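Summary of the model geometry
The primary structure of each chain is shown beneath.
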Protein chains: 2
Amino acid sequence: MIQRLCIIGTGLIGGSLARDLKRLGAVGEVVGSSRKVANLERALALGVIDDFDPDPAAAARKADMIVIAVPLGAIASVFERLCAGGGIDERAVITDVGSAKACVMEAAASTLSPDQSARFVPAHPIAGTEHSGVESSIEGLFERRRVILTPMERTSCEAQSRVRWMWERVGAEVIEMDLHRHDEVLALTSHLPHLLAYTLVDALGRHPDHAELFRYCAGGFYDFTRIASSDPQMWHDICLANKDAVVDALNLFRGDLDGLIDAVRQGRGETIRSVFARAKSIRDRHAESVSGQAPPSHPSQDASPSFEYASDRNAS
Amino acid sequence: MIQRLCIIGTGLIGGSLARDLKRLGAVGEVVGSSRKVANLERALALGVIDDFDPDPAAAARKADMIVIAVPLGAIASVFERLCAGGGIDERAVITDVGSAKACVMEAAASTLSPDQSARFVPAHPIAGTEHSGVESSIEGLFERRRVILTPMERTSCEAQSRVRWMWERVGAEVIEMDLHRHDEVLALTSHLPHLLAYTLVDALGRHPDHAELFRYCAGGFYDFTRIASSDPQMWHDICLANKDAVVDALNLFRGDLDGLIDAVRQGRGETIRSVFARAKSIRDRHAESVSGQAPPSHPSQDASPSFEYASDRNAS
């Protein structure tokens, strides 16, 4: 049981976590903090938080669990404000939800005291939707989703097990991983597809005939590019925070793309067919294994079945 | 009303068209043809066709509407067999459903007589799912979908209006377009995303750590790569049939990708943010306009909401 939960960044992830913990009776009081007071007022009106303070240090005071759920680019300043403002109670466990972890560890290492560091547990819930903001937060978002913990050397077992408990309580499967490994794996499986989707939509959007082109884009295109509706600022932060691994992932893809371009240009049918056949077989096999992992539908999404389901894009 | 419809290629598209025309009482009898007798037996058992003949010419005899719904690579041989076997009745209108049109026109021009050419109406229904085969065929697949006609110079008005009638009858919006224009537009809006999805899945699948990578792929990844579950042979045929436009589309994308790789490597945050913001705004605007266009759910798809909806991938 968490007595007093402080959520810094009351957006999709922070808001959905607070909703579930409250619904399950796993938390006493939830205090929110955000740079924008309007966000906090909305979160309060929606019953996602019980109280708020725009100052992270003031909001975190007396909290036994502090969840930092801000875009990666704002994490360092949140740590600084928490420390400078004396917001971290001596019992408090601190965790985050960032999509890249090396940068978070650096920010923590340069701000937190050794004692605070022992109570900091870097975490990444692989869950989300292409929507953002507290009004997009939903119950059940983390059910059957993975949460990756990337504990630092000095992270205490107790802090880790409290964070693990919190995520398991909302239905997630909690996994531990080396933080550099995390950043490489997520660059390939999440950051790379987001960047490809953004690039494709932007390429068509800047095409001289863009109005005509989009008239003929169909459901396959909109599924493929759904992740390009994700928050640009958040993904800008991820690109810069995980730069090296993202560039490696982009270059890996680019090498294969060049190979395919050559094969099509030269009409090498066997090469083309084997790439496609291998990809289909891999995807069919793995898609089967994630069957049933989809989160509940999002209340504010539009009426088209193609867009009716929330999935794990933004935070993954 | 179609008296006798001949469907050559009783797969997803041919089968779904036959289902709807029968359901709507718009057709007397449906005769199927396919290289594989097992396909025809399944189609007959499912009630999608009333009779069949593996020989296209025999199946087409006495038909007033002949729909060629085979992969692009097989179209030329179907035309040859139809002509050599005397399968084209003198009243028959001939049409196809190919995803690229210049190659179909070439095949038609080199096989059909001038009189038959006047009754040939190249068409492309922008509808489908990542599934294939007659067992994946469904009712309502073409509702609110676009069908592009790319009539040749000698295509008669009457033939064109009969094909238009057929597609409008099953709920599609019928549009006319120059065939080279069609091939360029579809290369960008459909062929390019399919090739990117195949390339990404193949790149991760050939990665030394592929088993670990796929453990962390989430719903965003599976939406993005859903089109990589499409039929490899069909997409192989499309790549070769529409080679020039596909290579142009791939190169356009590659140029933009190179720009993004440089921007990330150099940490040019403003460039990255503006690509992402532009893409999000474009996609949000256009996704809104296709809202409500999704076809009905597919009966044989798995239980996960993320995979529950058929959409227009294969034939688009």
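Residues numbered from 1 in each chain as written. Chains lettered and ligands numbered in written order. Predicted model: local features only at pLDDT ≥ 70, side-chain atom pairs only at ≥ 80, totals over all residues. Heavy atoms only, no water.

To continue, consider the confidence of the model for chain A. Residues and elements named next belong to chain A. Of all residues in chain A, 91% have pLDDT values of 70 or greater, and the mean over the chain is 90. Contacts from residues 292–316, a stretch scored under 50 in pLDDT, to residues over four places away or in other chains number 110 contacts. This prediction of the complex comes with two scores: 0.87 for pTM and 0.87 for ipTM. (pLDDT = per-residue confidence, 0-100. Contact = heavy atoms within 4.5 Å.)

A few words on the domain arrangement of chain A. All names here are of chain A. Each assigned domain of chain A is listed with its residue range as follows: domain 1 (2–178) and domain 2 (181–307). Between the C-alpha centres of domain 1 and domain 2 the distance comes to 29 Å. Between domain 1 and domain 2, the buried area comes to about 2100 Å², and carbon and sulfur atoms account for 57% of it. Put simply, domain 1 and domain 2 have zero salt bridges between them. Linking domain 1 with domain 2 are seven residue pairs in polar contact (both at pLDDT 80 or more), by the criterion used here. For the side of domain 1 that touches domain 2, the class distribution of residues is 11 nonpolar, eight polar and eight charged. (Domains from an automatic or database assignment. Buried area = accessible area lost by both parts, 1.4 Å probe. Salt bridge = Lys/Arg side-chain N within 4 Å of Asp/Glu carboxyl O. Polar contact = N/O pair within 3.5 Å; in protein donor to acceptor, adjacent residues only side chain to side chain. Nonpolar A, V, L, I, M, F, W, Y, C, P; charged D, E, K, R; others polar.)

Another point: the relation of the copies chain A and chain B. With an RMSD of 0.0 Å, the operation that places chain A on chain B is a rotation of 180° combined with a shift of 0.0 Å along the axis. What the rotation and shift describe, once combined, is the action of a two-fold rotation axis. Closest to the rotation axis within chain A is the C-alpha of phenylalanine 224 of chain A, separated from it by 2.0 Å. Here 100% of the interface residues in chain A have copies in chain B that are interface residues too; the copies meet face to matching face. (Least-squares fit on C-alpha atoms with pLDDT ≥ 70 in both.)

All names here are of chain A. Pairing is parallel in the open sheet, where six strands are placed in the order β3-β2-β1-β4-β5-β6. Edge positions in the open sheet fall to β3 (51–52) and β6 (120–121), since each of these has one partner strand only. As paired strands, strand β5 (residues 93–96) and β6 are joined by two bridges and run parallel to one another. Counted as the bridge partner of threonine 95 is valine 121 from β6. Packed onto the sheet, helix α1 (residues 12–23) meets β1 (2–8), β2 (27–33) and β4 (65–68) and runs at close to 165° relative to β1. (Pairing = 2+ DSSP bridges. Helix = DSSP H or I, 4+ residues; strand = E, 2+ residues; numbered from the N terminus. Axes fitted to C-alpha atoms, helices over the stretch in contact; angles between N-to-C directions.)

Core analysis: the largest hydrophobic core is formed by 144 residues, its most contacted members being Ile66, Ile68 and Phe79 of chain A together with Ile66, Ile68 and Phe79 of chain B. Setting aside anything within four residues of it in sequence, one finds phenylalanine 79 of chain B in contact with Ile68, Ile94, Val104, Ala107, Ala108, Thr111, Leu112 and Phe120 of chain B. (Core = buried A, V, L, I, M, F, W, Y, C linked by side-chain atoms within 4.5 Å. Buried < 20%, exposed > 50% of the residue type's maximum accessible area, 1.4 Å probe, protein only.)

A few words on the pattern of salt bridges. Two side chains bearing opposite charge may form a pair once their charged atoms approach each other closely. Applying the stated criterion across every chain, the model contains 54 salt bridges over all chains. For arginine 278 of chain A, the salt bridge is made with aspartate 202 of chain B, and the minimal N-O distance between the two is 2.6 Å. Of this pair, arginine 278 of chain A sits in helix α13 (residues 269–290) while aspartate 202 of chain B sits in helix α8 (residues 179–205), placing the two residues on different chains. Its relative accessible area of 34% is what places arginine 278 of chain A among the partly exposed residues. Ionic pairing is found between aspartate 284 of chain A and lysine 280 of chain A, a salt bridge with its closest N-O pair at 2.9 Å. Linking aspartate 284 of chain A with lysine 280 of chain A, this pair stays in helix α13, spanning four residues, or about one helical turn. Residue classification places aspartate 284 of chain A among the partly exposed positions, given a relative accessible area of 28%. When salt bridges that share partners are traced, they join Asp20, Arg23, Glu139 and Glu143 of chain A into one network.

Glancing now at the packing of aromatic side chains. Considering all chains together, one arrives at 11 aromatic pairs over all chains under this definition. When the ring of phenylalanine 224 of chain A is compared with that of phenylalanine 224 of chain B, the centres are 4.0 Å apart and the planes differ by 25°; the resulting orientation is stacked. Remark: phenylalanine 224 of chain B occurs in helix α10 (residues 219–224) and phenylalanine 224 of chain A occurs in helix α10 (residues 219–224); the pair is interchain, linking two chains. Under the relative-accessibility criterion, phenylalanine 224 of chain A is labelled buried at 0%. Clustering of aromatic rings is evident, with ring pairs tying together Phe214, Phe221 and Tyr222 of chain A. Stacked on the ring of tyrosine 216 of chain B, the Lys or Arg arginine 146 of chain A has its end atom at 5.9 Å from the ring centre. (Phe/Tyr/Trp six-rings, centres within 6.5 Å; stacked < 30°, edge-to-face > 60°. Lys NZ or Arg CZ within 6 Å of the ring centre and 35° of its normal.)

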